[in-house]
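A look at the structure
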Amino acid sequence: KQEVTQIPAALSVPEGENLVLNCSFTDSAIYNLQWFRQDPGKGLTSLLLIQSSQREQTSGRLNASLDKSSGRSTLYIAASQPGDSATYLCAVPMIKAAGNKLTFGGGTRVLVKP
Amino acid sequence: DAGITQSPRHKVTETGTPVTLRCHQTENHRYMYWYRQDPGHGLRLIHYSYGVKDTDKGEVSDGYSVSRSKTEDFLLTLESATSSQTSVYFCAISESPGGVTGELFFGEGSRLTVL
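This text gives an overview of the structure that appears in the document. Fair warning: this is a prediction, and the values are worked out from it, not measured in the lab.

Focus on the state of the cysteines
Counting across every chain of the model gives 2 disulfides over all chains. The partner cysteine of Cys-23 of chain A in its disulfide is Cys-90 of chain A, sulfur to sulfur 2.0 Å. Every disulfide takes its handedness from the sign of the S-S torsion; for Cys-23 of chain A and Cys-90 of chain A that torsion is 85 degrees, giving right-handed. Highlighted residues: Cys-23 of chain A in strand 3 (residues 19–25) and Cys-90 of chain A in strand 9 (residues 86–93), separated in sequence by 67 residues. Comparing Cys-23 of chain A with Cys-90 of chain A shows no difference in burial state: the two are buried. Paired by a disulfide, Cys-23 of chain B and Cys-91 of chain B hold their sulfur atoms 1.9 Å apart. Around the S-S axis, the bridge from Cys-23 of chain B to Cys-91 of chain B shows a dihedral of about -70 degrees and counts as left-handed. Taken as a pair, Cys-23 of chain B in strand 3 (residues 19–25) and Cys-91 of chain B in strand 9 (residues 87–94) lie far apart in primary sequence, 68 residues in all. In this structure Cys-23 of chain B comes out as buried when scored by relative accessible area, which is 0%.

Dropping the structure here:
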């Protein structure tokens, strides 16, 4: 059974500092890994989708890396801003899973202090 | 933003009453999903659809049914609501199954409270 873990569960940094968010998964048989952002009381917004054949994906200040062999992905957010405060979740669809099951991590709640 | 509308956004109901949540999309995506999000459990898949009138169960489907009569609409029904179904419900869509090759897009959520 695939398990996705995000540590730490919460993170507080001063504005301007780079953010490093971790996601680990137990089964490397994944199609891709997707990072989402969730603001309080809102839905999930897709940030980056990194395919299993890719090592890295970038969008603006965001960069996601994927190391399937070690079961890890890291989301880097450069020069953090108060507007980056949110919960960040990662999710993986498993090749072996039936029923279109996307497994989510528990999320990392980020607070960027001005 | 993906064109996904959930209704109602907030609902309070009593135990034993039926409840229907609606998800409407304007993206013409084939796949639609219902998730619930609860503290300590994260996001869990309830049901999904891979086409009109084609649906299947997710990991927490007991007590829920779904219907999809049109590409754009996916309904989630609680036949007899229970307090354990108090949650935030999210609809999601994708072009490919389970986000296999494409991204998953989420609606804003429907907060359901069962008293």
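Observations concerning the nonpolar core
Ranked by internal contacts, the top residues of the largest apolar core, which has 22 residues, are Leu-33, Trp-35, Leu-75 and Tyr-88 of chain A. For this core, the secondary-structure elements that each account for two or more residues are strand 3, strand 4 (32–38), strand 5 (44–51), strand 7 (62–67), strand 8 (72–77), strand 9 and strand 11 (108–113) of chain A. Core analysis: the second largest hydrophobic core is formed by 18 residues, Tyr-64, Val-66, Ala-81 and Val-114 of chain B among them.

Brief notes about the sheet that holds strand 7 of chain A
Residue and element names in this part refer to chain A. With antiparallel pairing, 5 strands are arranged side by side in an open sheet as 1-3-8-7-6. Both edges of this open sheet fall to strand 1 (4–5) and strand 6 (56–59), since each of them pairs with a single strand only. Direction of pairing for strand 1 relative to strand 3: antiparallel, over a ladder of 2 bridges. Looking at strand 3, one finds that Thr-5 is bridged to Ser-24.

Points about the sheet that holds strand 8 (residues 73–78) of chain B
Sheet strands associate in pairs through backbone hydrogen bonding, adopting either a parallel or an antiparallel arrangement. Residue and element names in this part refer to chain B. Taken in spatial order, the 4 strands make up an open sheet running 1-3-8-7, and their pairing is antiparallel. Each having just a single partner strand, strand 1 (4–7) and strand 7 (64–70) make up the two edges of the open sheet. The mean inter-strand angle of the sheet, taken between neighbouring strand axes irrespective of direction, is 15 degrees.

Quick look at the pattern of salt bridges
Within the structure shown, the criterion is met by 7 salt bridges over all chains. Across the salt bridge formed by Arg-37 of chain A and Asp-39 of chain A, the nearest N and O atoms sit 2.9 Å from each other. Among the ionic pairs, Asp-73 of chain B bridges to Arg-22 of chain B, the shortest N-O distance being 3.1 Å. Of the two residues, Asp-73 of chain B is situated in strand 8 and Arg-22 of chain B in strand 3; the sequence distance between them amounts to 51 residues.

Notes on the side chain of Thr-108 of chain A
All names here are of chain A. With respect to the helices, strands and loops of the structure, Thr-108 is situated in strand 11. The exposure class assigned to Thr-108 is buried, which follows from its relative accessible area of 0%. Reaching out from Thr-108, the side chain makes a polar contact with the backbone oxygen of Pro-8 at a distance of 2.7 Å. Once you skip the residues sitting within four places of it in the chain, Thr-108 turns out to touch Gln-6, Pro-8, Ala-9, Ala-10, Leu-11, Leu-21, Ala-86, Thr-87 and Tyr-88.

Re the layout of surface pockets
What the largest pocket holds in volume is close to 630 Å³. Among the secondary structure elements, those contributing two or more residues to the lining of the largest pocket are strand 9 and strand 11 of chain A together with strand 4 (31–38), strand 9 and strand 11 (110–114) of chain B. For the lining of the largest pocket, a count of residues per class yields 8 nonpolar, 15 polar and 7 charged.

About the cut-offs
Residues numbered from 1 in each chain as written. Chains lettered and ligands numbered in written order. Predicted model: local features only at pLDDT ≥ 70, side-chain atom pairs only at ≥ 80, totals over all residues. Heavy atoms only, no water. Disulfide = S-S within 2.5 Å. Helix = DSSP H or I, 4+ residues; strand = E, 2+ residues; numbered from the N terminus. Buried < 20%, exposed > 50% of the residue type's maximum accessible area, 1.4 Å probe, protein only. Core = buried A, V, L, I, M, F, W, Y, C linked by side-chain atoms within 4.5 Å. Pairing = 2+ DSSP bridges. Axes fitted to C-alpha atoms, helices over the stretch in contact; angles between N-to-C directions. Salt bridge = Lys/Arg side-chain N within 4 Å of Asp/Glu carboxyl O. Polar contact = N/O pair within 3.5 Å; in protein donor to acceptor, adjacent residues only side chain to side chain. Contact = heavy atoms within 4.5 Å. 1 Å grid on protein atoms, 1.4 Å probe; cavity = no way out; pocket = protein on both sides within 12 Å on 5 of 7 lines; lining within 4 Å. Points joined across faces, edges and corners; volume = space filled by probe spheres on them. Nonpolar A, V, L, I, M, F, W, Y, C, P; charged D, E, K, R; others polar.

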